[in-house]
Amino acid sequence: MLLRRDRAMTGILIMLDVAFHAGRSGTVNAADIATRAGLARRGIEPLLQTLSRSSLLESVRGPRGGYRLGRPRRDISLADIVSTIIAPDSEGEEGSTGDLFTKVLDPFWREEDQKIVERFRDLTLDDLVRKAEAAGLRRPMAEPIMFSI
C-alpha cells in the first residue's frame, strides 16, 4: 500500500511541476521534471505516459516539445490524478491476512483512505500552485521578447 501512495504522490508532484512551470501554453520536458523532483527520468516516464493517456497531460513533440496540462489546472483535482496513477496497480495487491489486519488495521486504513479521497476531490492543481506561490516559490519567467530593427 505504501508503494501505491509513493506512486500517487509522485504523480501529483509531476502534475504540479507541469502546472507550475508550463501550464496550458508552455511545455516542460521530462528531464527537467525529473531534475526538479530529484527523481530518475526513467522512473517517471511510465507515470508521464499514464497521465498522457488519461488526457491529464498532453505530450507535445518537436524541438519545443515536452508536456503541458491537458486541461485548465482548476479543472484537475488531486483525486483525478491519484485515481489515474494507482488504477493500474490495484489488481494483484498482496498484503497481510491475519485477524488483526483484517478486522482492525484494514478497516481503519480504508476509512482513512476515504477521508483522503474526499479531501483530494476538493483540491485542484490550481490550489497547489497558489500554495507554492504563497510559499515564496517563483514561477519561471516567460522567454524575453526579442526586438530587432
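Quantities reported herein were computed from a predicted structural model and do not represent experimental measurements.

A. Quick look at the overall build of the chain. In terms of helices and strands, the chain carries six helices and two strands. Counting helices and strands in the order they occur from the N terminus, the chain gives α-α-α-β-β-α-α-α. In the structure as shown, the chain presents an accessible area of about 10,100 Å², 54% of it carried by carbon and sulfur atoms.

B. Seen up close, a nonpolar patch on the surface. On the surface, Leu100, Val104, Leu105, Phe108 and Trp109 cluster together into a nonpolar patch covering about 510 Å² of accessible area. As for its placement among the helices and strands, Val104 is situated in helix 5 (residues 99–122). With relative accessibility at 47%, the residue Val104 sits in the partly exposed group.

C. Region of interest: the nonpolar core. Of all hydrophobic cores here, the largest spans 33 residues; its most connected members are Met15, Leu57 and Ile81. Counting only elements with at least two residues in this core, the list comes to helix 1 (2–21), helix 2 (30–37), helix 3 (41–53), strand 2 (66–69), helix 4 (78–86) and helix 6 (125–134). If you tally residues by element for this core, the top one is helix 1, at seven residues. Here Ile81 is in contact with Gly11, Ile12, Met15, Leu51, Leu56, Ile76 and Leu125, once residues within four sequence places are set aside.

D. Up close: the pairing of strand 1 (residues 57–60). The pairing of strand 1 with strand 2 spans four bridges and is classified as antiparallel. Counted as the bridge partner of Leu57 is Leu69 from strand 2.

E. Spatial organisation of the pattern of salt bridges. Under the definition given, this model contains 11 salt bridges. Note that Arg68 and Glu58 form a salt bridge whose closest N and O atoms lie 2.9 Å from each other. Of this pair, Arg68 sits in strand 2 while Glu58 sits in strand 1, placing them 10 residues apart in sequence. By relative accessible area, Arg68 is classed as partly exposed at 24%. On the accessibility criterion, Glu58 (29% relative accessible area) is partly exposed. Each of Arg73, Asp126, Asp127 and Arg130 takes part in a single network of salt bridges with overlapping partners.

F. Region of the structure containing helix 5. With 24 residues, helix 5 ought to run about 34 Å at 1.5 Å a step, and its terminal C-alpha atoms sit 34 Å apart, in line with that. When the local axis directions of helix 5 are compared, the greatest deviation, roughly 35°, occurs at Leu105, which is followed within four positions by the proline Pro107.

G. Just the packing of aromatic side chains, in detail. Under the criterion given, the structure shown has one aromatic pair. With 6.5 Å between their ring centres and 65° between their planes, Phe108 and Trp109 make a pair best called edge-to-face.

What counts, and where the lines are drawn
- Residues numbered from 1 in each chain as written.
- Predicted model: local features only at pLDDT ≥ 70, side-chain atom pairs only at ≥ 80, totals over all residues.
- Heavy atoms only, no water.
- Helix = DSSP H or I, 4+ residues; strand = E, 2+ residues; numbered from the N terminus.
- Areas by Shrake-Rupley, 256 points an atom, 1.4 Å probe, with all protein chains shown as cover.
- Patch = residues over 30% accessible without salt bridge, like charges linked within 9 Å, V, L, I, M, F, W, Y side chains within 5 Å.
- Salt bridge = Lys/Arg side-chain N within 4 Å of Asp/Glu carboxyl O.
- Buried < 20%, exposed > 50% of the residue type's maximum accessible area, 1.4 Å probe, protein only.
- Core = buried A, V, L, I, M, F, W, Y, C linked by side-chain atoms within 4.5 Å.
- Contact = heavy atoms within 4.5 Å.
- Pairing = 2+ DSSP bridges.
- Expected span 1.5 Å × (residues − 1).
- Bend = angle between axes of the 7 residues up to and from the residue.
- Phe/Tyr/Trp six-rings, centres within 6.5 Å; stacked < 30°, edge-to-face > 60°.

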